[in-house]
Amino acid sequence: MKNVALHNLGCKVNGYEMDVMQQMLQEKGYKIVPFDEEADIYIVNTCTVTNIADRKSRQMLHKAKKKNPKAIVVAVGCYVQTGGEEALKESGVDLAIGNNKKKDLVEILEKFLDGKEYGGTVINIGETNEFEEMCLKKTSGHTRAYIKIQDGCNQFCSYCIIPYARGRVRSRKEEDVLNEIRGLAEGGCKEAVLTGIHISSYGADRGKRELASLIQAIHEIDGIRRIRLGSLEPGIITEEFVGVLRDLPKFCPHFHLSLQSGCDATLRRMNRRYTTGEYSEKVEILRSYFKNPAVTTDVIAGFPGETEAEFAETEAFLEKIKFYEMHIFKYSKRKGTRAASMDHQVADEIKAARSNLLISMGKAHSMEYRKSFLGQEQEVLFEEEKNVEGMRFQVGHTRQYVKVAKLSEKSLSNEIFAGKITGFLSDDMMLLE
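Residues numbered from 1 in each chain as written. Predicted model: local features only at pLDDT ≥ 70, side-chain atom pairs only at ≥ 80, totals over all residues. Heavy atoms only, no water.

Caption draft 1: Geometry of the overall build of the protein chain. Check the secondary structure of the protein chain and you find 12 helices and 18 strands. Expressed as lengths along the three principal axes of its C-alpha atoms, the size of the protein chain is roughly 65 × 60 × 50 Å. In the protein chain, once contacts between residues fewer than 6 apart in sequence are set aside, the share between residues at least 24 apart is 73%. Accessible surface computed for the protein chain: about 19,300 Å², of which carbon and sulfur atoms make up 48%. The distance from the centre of the 63 positive side-chain charges to the centre of the 63 negative ones in the protein chain is 2 Å. (Helix = DSSP H or I, 4+ residues; strand = E, 2+ residues; numbered from the N terminus. Contact = heavy atoms within 4.5 Å. Areas by Shrake-Rupley, 256 points an atom, 1.4 Å probe, with all protein chains shown as cover. Lys, Arg positive; Asp, Glu negative; His and termini not counted. Charge placed at Lys NZ, Arg CZ, Asp CG, Glu CD.)

Caption draft 2: Molecular detail of the side chain of Glu233. Considering the arrangement of structural elements, one finds Glu233 in the loop between strand E10 (231–232) and helix H8 (239–246). Taking relative accessible area as the criterion, Glu233 reaches 13% and is therefore assigned buried. (Buried < 20%, exposed > 50% of the residue type's maximum accessible area, 1.4 Å probe, protein only.)

Caption draft 3: Structural context of the pattern of salt bridges. This structure, assessed with the given rule, holds 30 salt bridges. Residues Arg272 and Glu233 are paired through a salt bridge, measuring 3.1 Å at the closest nitrogen-oxygen approach. Here the residue Arg272 occupies a position in the loop between helix H9 (264–270) and helix H10 (276–289), and Glu233 occupies one in the loop between E10 and H8, the gap between them amounting to 39 residues. Here the salt bridges share partners, and the residues they tie into one network are Glu17, Lys102, Lys148, Asp151, Arg166 and Arg170. (Salt bridge = Lys/Arg side-chain N within 4 Å of Asp/Glu carboxyl O.)

Caption draft 4: Layout of the sheet that holds strand E14 (residues 377–388). Judged by pairing direction, the barrel is mixed, and its five strands sit side by side in the order E14-E15-E16-E18-E17 before closing back on the first. Taking each pair of neighbouring strands and ignoring which way they run, the sheet shows an average axis angle of 45°. As paired strands, strand E15 (residues 391–398) and strand E16 (residues 403–407) are joined by five bridges and run antiparallel to one another. Counterpart to Gln394 in the pairing with E16 is Lys406. (Pairing = 2+ DSSP bridges. Axes fitted to C-alpha atoms, helices over the stretch in contact; angles between N-to-C directions.)

Caption draft 5: Layout of the pairing of strand E9 (residues 226–229). Here E9 shows no split at all, with Arg226 and Arg228 on one side and Ile227 and Leu229 on the other all buried. Pairing analysis gives four bridges linking strand E8 (residues 191–196) to E9, with the strands arranged parallel. Following the sheet pairing, Leu194 is matched in E9 by Leu229.

Written out as structure tokens, the structure reads:
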């Protein structure tokens, strides 16, 4: 029996795919060991979203080879698609497996180990229409499962390499999604989180947007108590779509609505397909259909050409919307994207200053949103335990994904309880009684 060490980098989709790859290896008798231990085989699920992600991917591959020079080092995923053979050789990679080939990991690995021909392991991802079918049978926490429903993106934002790493939009068959979730629900999982590279496009490759009907079908699955969505594009938010969601009791009013900038001129340079006015209207729809929904977002600070006046527009827009959480990123050049060669690149110190300012604003807005739940009854799905100064707390999330703790000696893991929010255990964790 060979020991295999796994390391995952990047997004929730990568995380899902790594969970399935681990499951496939275990089913074939491989023993999974921690990545910092000596192993016979090291597998790194790589990320390429920024130059920094590329560097981290290379570092982890080097680290594996250094840990055991005799080990087989396997690179899989996005960096394999974009890095090129030379970059992979320099990183000490013995075997490279691209996207849409992760489902064949064990078969490819065993042929490689036996010295047999294992065929093409990196396809032209931009030319495939095939969704890579993988199925997760159980989750480590049993509480929440991320379900991949879609792959690829057709948006081609000027800063983003992902369409080149993940290919065009490909949607999973509804029945395959439902079968996976049924299996997980039978294993005790209560919450399904739908994820993908661009889930707003689910079904678009079949000629129709099908996300709402998929959610309705999942709603009928026994055992599933909550349905949550990954990142959405503003364009999907219509009164019709949100009206469908409002009528589903299991749906969680937690919307990650991608923004990137609060300035129309910057959005045009980013090739984002909406204006701040349109975005604002989408948020209003959400807030009119749901009581106090959680609206979160991503913002890039210091995009090429962002002037002080443009940044001030973003600042004012964020102050107006008041998100529950903002993920703030300093713009990072990504080789191979249009933005990397744009004029007027912003200096690092300016990007850092703008980013810090937005992070401070985000913390204030987040605290404001949490405080709005004080004194209210909320339903919490508990997930883990936390000891604070000798006291035992059960920790979980509300339907809006606000973290909550309840003082209890008894484990409440994977149970749903309702109670009153009475205060704070820490800045990012509220108390339930």
